[in-house]
Amino acid sequence: KLCLGKDLVSIRNSVTKTTTACFEPSLDYCVLKMPRWDLKKFNRVSNKLGSSMLSVGEVMAIGRSFEEVMQKACRMVNPALDGLEGIGSGLTSDEIPLDEQMSTPTDTRLFAVQRALEEGWGVDKVHDLTKIDKWFLSKLQNIASMRNACMECGDIDKVLATNGEDRMRSLKIAGFSDRQIASYTNLLPLQEGAAKVRAIRKSLGVKPCVKQIDTLAAEFPAETNYLYMTYSGNQDDVSEGTYEPINNAEGRDASATPSTKMFRSRMRSVSVGGKNNKLTENQERGVVVLGCGAYCIGSSVEFDCAPSRRLGSCERTALKASS
């Protein structure tokens, strides 16, 4: 057909019959996979990295900018981190020269690079020591520059004094968590500070949206719930759904089998019937987290990171939880 003079726009896809032959999925997302090393668990083991496989797990972060996925990955691979930080990470040494920490590939080299950028090192100088591509270093410098700008203000009101919505959205697009922003603007303690930043962010209308990844390479309409959340968007790709809660399903289906009716009856008895339950009652009722194991990254069940974090949240609120 191309030899006959037709272009790819006029030729229809032979599989879908609706899209054009040159139609491709929209690659509007960025994916970053970050490994985790637990080399410090073993005595006399060098933390230098080479071509051999030393990682014990990995995480995958999805977003719409490199800065966003980098900070997401740091939070997932190490729950003690609020994001990508050099000085505040506690993973760099004051005894070893910074240039030596950057020139030697180790499991903490990334944080040494970030510390150098936070201290004002230029991209060219860091590139000469690390040989890391300047594109990646420029993205890391963006994170360091925004962090330093917030710390120079030292107050959330000063940060958002002018164009507050745009500044808050820029911080969130770059992957900064509410806890990070609270730390940079001296909102202590951090738990309460993060809650205050969240309230301010919501009042400004800066909320994340849910985006869907095309898992079928545009050959068919993608309906798989391969989703991620990002602040780089104006609307959700999926709707909330119109299903009816199971505790309001009495008499909804007269043709339901006896076993189905019994299941619904049992679910209504244990489901949340009212919204005014006291915290103590909820703590006694407990929470069941499905599809996870009580493991963290590095314990061979890396894909259970999110449910494991949920179990940690339940524990902090004194809720009984099981998986």
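What you see is a predicted model; the values in this text were computed from it and never measured.

Details of the overall build of the chain
For the chain, the helix and strand inventory stands at 12 helices and 6 strands. Counting only residues that meet the buried cut, the chain has 33% of its 323 residues in that class. Long-range pairs, those at least 24 residues apart, make up 53% of the contacts in the chain with a sequence separation of at least 6. When the accessible surface of the chain is summed, it comes to about 20,200 Å², and 53% of that surface belongs to carbon and sulfur atoms.

Looking at unusual backbone geometry
Look at the link from L188 to P189: it is a cis peptide, with omega at -5°. Assignment of secondary structure puts P189 in the loop between α8 (178–184) and α9 (190–203). One non-glycine residue, K131, adopts positive backbone phi at about 65°. Its place among the elements puts K131 in the loop between α4 (123–130) and α5 (134–153). In this structure K131 comes out as exposed when scored by relative accessible area, which is 60%. For N163, which is not glycine, the phi torsion reads 50° and is therefore positive. Tracing the chain through its elements places N163 in the loop between α6 (156–159) and α7 (164–173).

Here's the deal with the nonpolar core
Among the nonpolar cores identified, the biggest contains 42 residues, and M34, M70, M102, V126 and L140 are the most heavily contacted of them. Residue contributions to this core peak at 6 residues, all from helix α1 (residues 66–77). Those residues in contact with M70 that sit more than four places away from it in its chain are L32, M34, L84, L110 and L140.

Digging into the pattern of salt bridges
This structure, assessed with the given rule, holds 13 salt bridges. The shortest N-O distance in the salt bridge between D28 and R64 comes to 2.8 Å. Placement of D28 in the segment before β1 (30–36) and of R64 in the loop between β2 (57–63) and α1 is noted, with a sequence separation of 36 residues between them. On the accessibility criterion, D28 (33% relative accessible area) is partly exposed. Judged by its relative accessible area of 28%, R64 is partly exposed. Salt bridges sharing partners connect three or more residues here, namely D94, R115 and E119.

Rules and cut-offs
- In this numbering scheme, every chain counts its residues from 1 along its sequence in written order.
- Given that this is a predicted model, residues contribute local features only at a pLDDT of at least 70 and side-chain atom pairs are listed and counted only at 80 or more, while totals for whole chains, interfaces and linings are drawn from all residues.
- Side-chain metrics in this entry use all non-hydrogen atoms of the structure; hydrogen atoms and water are not considered.
- Only runs of H or I of at least four residues qualify as helices and only runs of E of at least two qualify as strands under DSSP, and these elements are numbered from the N terminus.
- Think of it in three bands: with a 1.4 Å probe and only protein chains considered, a residue is buried below 20% of the maximum accessible area for its type, exposed above 50%, and partly exposed in between.
- Only heavy atoms enter the contact rule, under which two residues are in contact if any of them lie within 4.5 Å.
- Each accessible area value is a Shrake-Rupley result obtained with a 1.4 Å probe; residue values ignore everything except the protein chains displayed when judging cover.
- Residues belong to one nonpolar core when they are buried, are Ala, Val, Leu, Ile, Met, Phe, Trp, Tyr or Cys, and are joined through side-chain atoms within 4.5 Å.
- A carboxyl oxygen of Asp or Glu within 4 Å of a side-chain nitrogen of Lys or Arg is what we treat as a salt bridge.

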